[in-house]
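Geometric and topological summary
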Amino acid sequence: MFTASLDGKTKQLMVFHLGDGASREITIYSYRNGCLQRAGQIENADSYRISEEDGIGVFAMFRRISPLQSDMTLMKYSLTDGMLREIPQEYYKFCENRMEENGTPARNILTLLQDFELHTEKGGDSTFVLPKGSHVTTLGGDLADWIHSQRRHGN
């Protein structure tokens, strides 16, 4: 438990909850209408930072997401009227969150179990097929309906 200023003006109470295994969440409380009230909660939370962007206090936290496998991405939030609000992004870059034995960053590598048709760009018409057994690395996406991936060489 600690306090932080997410808006640069007021203080918020931040309470981390550690669950089973790697499960972590943070509950944020702010003082509104004369009492301490819940401002928001973030599931699958990890390390965080607080900064200012375009004059707005931004609370950014690495969060574990699972569009295909377990990836980490930086999510941004602001405090508006005492409530935590996610700042939507067009693209969420998936982050390397562990290291291989040789010290290089590890990424989530998928092995295709069947031939798979992919688009060359988001919203584009051009497609190609990766054959069964190919390996791709997830790089990012919009957390809704598309994932940016890259074919791993050597397969």
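Above this text sits the structure in question.
In what follows, the accompanying structure is described. Because the structure is a prediction, the values reported are computed rather than measured.

Procedures and definitions
Residues numbered from 1 in each chain as written. Predicted model: local features only at pLDDT ≥ 70, side-chain atom pairs only at ≥ 80, totals over all residues. Heavy atoms only, no water. 1 Å grid on protein atoms, 1.4 Å probe; cavity = no way out; pocket = protein on both sides within 12 Å on 5 of 7 lines; lining within 4 Å. Points joined across faces, edges and corners; volume = space filled by probe spheres on them. Helix = DSSP H or I, 4+ residues; strand = E, 2+ residues; numbered from the N terminus. Nonpolar A, V, L, I, M, F, W, Y, C, P; charged D, E, K, R; others polar. Pairing = 2+ DSSP bridges. Axes fitted to C-alpha atoms, helices over the stretch in contact; angles between N-to-C directions. Phe/Tyr/Trp six-rings, centres within 6.5 Å; stacked < 30°, edge-to-face > 60°. Buried < 20%, exposed > 50% of the residue type's maximum accessible area, 1.4 Å probe, protein only.

Let's shift gears to the layout of surface pockets. Leftover empty space is mapped by rolling, across the atoms, a probe with the size of a water molecule. Here the largest pocket is characterised by a volume of approximately 620 Å³. In terms of lining, the largest pocket is formed by 22 residues, of which the most central are L118, H119, I147, H148 and S149. Mapped by element, the contributors of at least two residues to the lining of the largest pocket are β11 (116–119), β12 (127–130), β13 (135–141) and β14 (147–151). Residue composition of the lining of the largest pocket, by class: 10 nonpolar, 7 polar and 5 charged.

With that out of the way, let us pick up the sheet that holds strand β1 (residues 2–4). Across a sheet, paired strands are connected by hydrogen bonds in the backbone, their directions being either parallel or antiparallel. As summarised here, the arrangement of the 4 strands in space is β1-β2-β3-β4, forming an open sheet in which the pairing is antiparallel. Sheet topology places β1 and β4 (35–43) at the edges, where each strand pairs with a single neighbour. Averaged over all neighbouring strand pairs, the angle between strand axes comes to 30°, with direction disregarded. Relative to strand β2 (residues 12–18), β1 runs antiparallel, the two sharing 3 bridges. Bridge pairing in β2 links T3 to L13.

Inspection of the entire model under this criterion finds 2 aromatic pairs. Taking 5.8 Å as the distance between ring centres and 25° as the angle between the ring planes, the aromatic pair formed by F2 and F16 counts as stacked. Residue F2 is located in strand β1, and its partner F16 is located in strand β2; the two are separated by 14 residues in the primary sequence. Judged by relative accessible area, which is 22%, F2 ranks as partly exposed.

Tracing the chain through its elements places F116 in strand β11. Classification of F116 by relative accessible area gives partly exposed; the value is 40%.

Of note in this structure, N33 is not a glycine but carries a positive phi near 50°. The backbone phi angle of D81 is positive, close to 55°, even though this residue is not glycine. Examined against the element boundaries, D81 turns out to sit in the loop between β7 (71–80) and β8 (83–87). By relative accessible area, which is 69% here, D81 ends up exposed.

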